[in-house]
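So the chains spell out like this:
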Amino acid sequence: MRQMSILTDVTKCIGCEECVKACKETNKTGEDQPWRWQRKIDDLSATRWTTILPRPDRHYVRKQCRHCLEPACASVCPVGAMHKTPEGPVVYNSKICMGCRYCMMACPYGIPRYTWADAVPYVRKCIMCYDKISSGELEQPACTKACPKEATIYGEREELIRLAHGRIEENPDLYIPKVFGEHEVGGTSVLYLSDIDLGFLGWKEDLGDEPLPMKTWVVLNKVPGIFVGVGVTMFGLYWIIDRRMRLQEEALEKKSASTDAQHDPETGTDKVEAKK
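Per an unreviewed UniProt entry, the chain goes by the name 4Fe-4S dicluster domain-containing protein and belongs to Abyssobacteria bacterium. Here is the UniProt Subcellular location (unreviewed entry) comment for the chain, exactly as written: "Cell envelope".

### Focus: the overall build of the chain
Within the chain, the secondary structure is distributed over nine helices and 11 strands. Residue pairs in contact within the chain that sit at least 24 positions apart in sequence constitute 59% of those at least 6 positions apart.

### Let's talk about the pairing of strand β1 (residues 4-9)
Buried residues dominate β1, accounting for six of its six residues. Neither face of β1 is open: one carries M4, I6 and T8, the other S5, L7 and D9, and all of them are buried. Two elements, β1 and strand β8 (residues 152-156), share five bridges in a ladder whose sense is antiparallel. Bridging from a neighbouring strand, M4 pairs with E156 of β8. Judged from the four bridges that link them, β1 and strand β9 (residues 190-193) form a sheet pairing that is parallel.

### Comments concerning the pattern of salt bridges
Evaluated as defined, the whole model comprises nine salt bridges. The shortest N-O distance in the salt bridge between D32 and K24 comes to 2.9 Å. A residue is classified by how much of its surface remains accessible, and D32, at 16% relative accessible area, is buried. A relative accessible area of 17% means that K24 is categorised as buried. With its nearest N and O atoms 3.3 Å apart, the salt bridge here joins E184 to K178. The partly exposed category is assigned to K178, whose relative accessible area is 35%. Salt bridges sharing common partners tie together E17, K24, D32 and R48.

### Considering a nonpolar patch on the surface
A cluster of nonpolar residues, M234, F235, L237, Y238, W239, I240, I241 and M245, forms a patch on the protein surface that exposes about 890 Å² of accessible area. Take M234: it is sitting in helix α8 (residues 223-262). Residue class for M234 comes out exposed when judged on its relative accessible area of 53%.

### Re helix α6 (residues 157-170)
A rise of 1.5 Å per residue sets the reference length of α6, with its 14 residues, at 20 Å; its end C-alpha atoms lie 20 Å apart and thus fit the reference within 8%. Taken together, the buried positions of α6 are occupied by R157, L160, I161, A164, R167 and I168. Seen along its axis, α6 keeps its buried residues to an arc of 125°; they face one direction. Residues R162, E169 and E170 are exposed on α6 and point more than 90 degrees away from its buried face.

### Here we look at unusual backbone geometry
A positive phi is found at H67, a non-glycine position, where the angle reads about 50°. Mapped onto the elements of the fold, H67 is located in the loop between β3 (59-63) and α2 (72-76).

### Description of the nonpolar core
Counting 42 residues, the largest nonpolar core has V61, M82, Y109, Y192 and L198 as its most contacted members. Those elements that provide at least two residues to this core are α1 (18-27), β2 (51-55), α2, β5 (90-92) and β9. Apart from residues no more than four positions distant in its own chain, V61 is found in contact with V10, T51, I52, L53, R55, Y192, I196, L198, F200 and L201. Among the nonpolar cores identified, the runner-up in size contains 10 residues, and L7, A164, V179 and L191 belong to it.

### A short note on the sheet that holds β8
Read from one edge to the other, the open sheet built from three strands follows the order β8-β1-β9, with strand pairing classed as mixed. Across the chains shown, the open sheet's two edge strands, defined by having one partner strand only, are β8 and β9. If you compare each strand with its neighbour and ignore which way they point, the axes differ by 25° on average. Sitting on the sheet, α6 is in contact with β1, β8 and β9, with an inclination near 130° to β8.

### Considerations on the state of the cysteines
Counted under the stated rule, the structure contains zero disulfides. C19 takes part in no disulfide bond, and the closest cysteine sulfur, belonging to C16, lies 6.4 Å away. Residue C19 is classed as buried on the basis of its relative accessible area, which comes to 8%. The thiol of C73 is unpaired, and the distance to the nearest cysteine sulfur, on C65, comes to 6.3 Å.

Rules used in this analysis
- Residues numbered from 1 in each chain as written.
- Predicted model: local features only at pLDDT ≥ 70, side-chain atom pairs only at ≥ 80, totals over all residues.
- Heavy atoms only, no water.
- UniProt positions renumbered as here; feature names shortened; annotations may be inferred.
- Helix = DSSP H or I, 4+ residues; strand = E, 2+ residues; numbered from the N terminus.
- Contact = heavy atoms within 4.5 Å.
- Buried < 20%, exposed > 50% of the residue type's maximum accessible area, 1.4 Å probe, protein only.
- Pairing = 2+ DSSP bridges.
- Salt bridge = Lys/Arg side-chain N within 4 Å of Asp/Glu carboxyl O.
- Patch = residues over 30% accessible without salt bridge, like charges linked within 9 Å, V, L, I, M, F, W, Y side chains within 5 Å.
- Areas by Shrake-Rupley, 256 points an atom, 1.4 Å probe, with all protein chains shown as cover.
- Expected span 1.5 Å × (residues − 1).
- Arc of directions from axis to C-beta.
- Core = buried A, V, L, I, M, F, W, Y, C linked by side-chain atoms within 4.5 Å.
- Axes fitted to C-alpha atoms, helices over the stretch in contact; angles between N-to-C directions.
- Disulfide = S-S within 2.5 Å.

In structure tokens form, the structure reads like this:
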């Protein structure tokens, strides 16, 4: 099975956002909303699966899901809603997504977004137009087809890597001698050529080359035990507090009964005083 990928050449991008527009129209993601927690309306969101980040000296860097070869988001999904396809894209099944947001915490590039405006919110992100390409509706992702400068192109991963290294070899003074995404976190299906460092796209500049699923599993396999421990602790606290409340209520009832027994309702005086 051929692994399909996207190669974005930062030196060619003019920041026109035709890729963003094509993505939104093709996937019918809706209007962007200026949520208060968004730094800007052009940040990634549930309605904006790809965006253009302006950088100094007229650099424009396209941001989208990197479609990791060994995706941490898929490895932490407890119901298998997020998964890697043999063709390359990392997709998700919204019908079985339970909205736990583990994928959002696991992604080293901070990509998945949440549909906060929905009554039952789910995760959203770029799926590289996988459904439409699989059905034959599209031959390539809408974003790569819309790019007027071929700054972002679609093709087989190995061919794009060869193309990228060829450009570096032909223009050693133009590019950083590195294909971003070739090796990081085990490799990604979205690759970059650039004349500026792209470390800012990840949650830290150097993510390393080791795939993340094994690291996330080390943490996540402790989650069931933690849940059980927290549950037992909460039940214990409930039992203690409930027992104290019941004992307090019983003591008040006994005290009230004792007071009633000593009070003469006919004379309005306590029986002890009546004897005197």
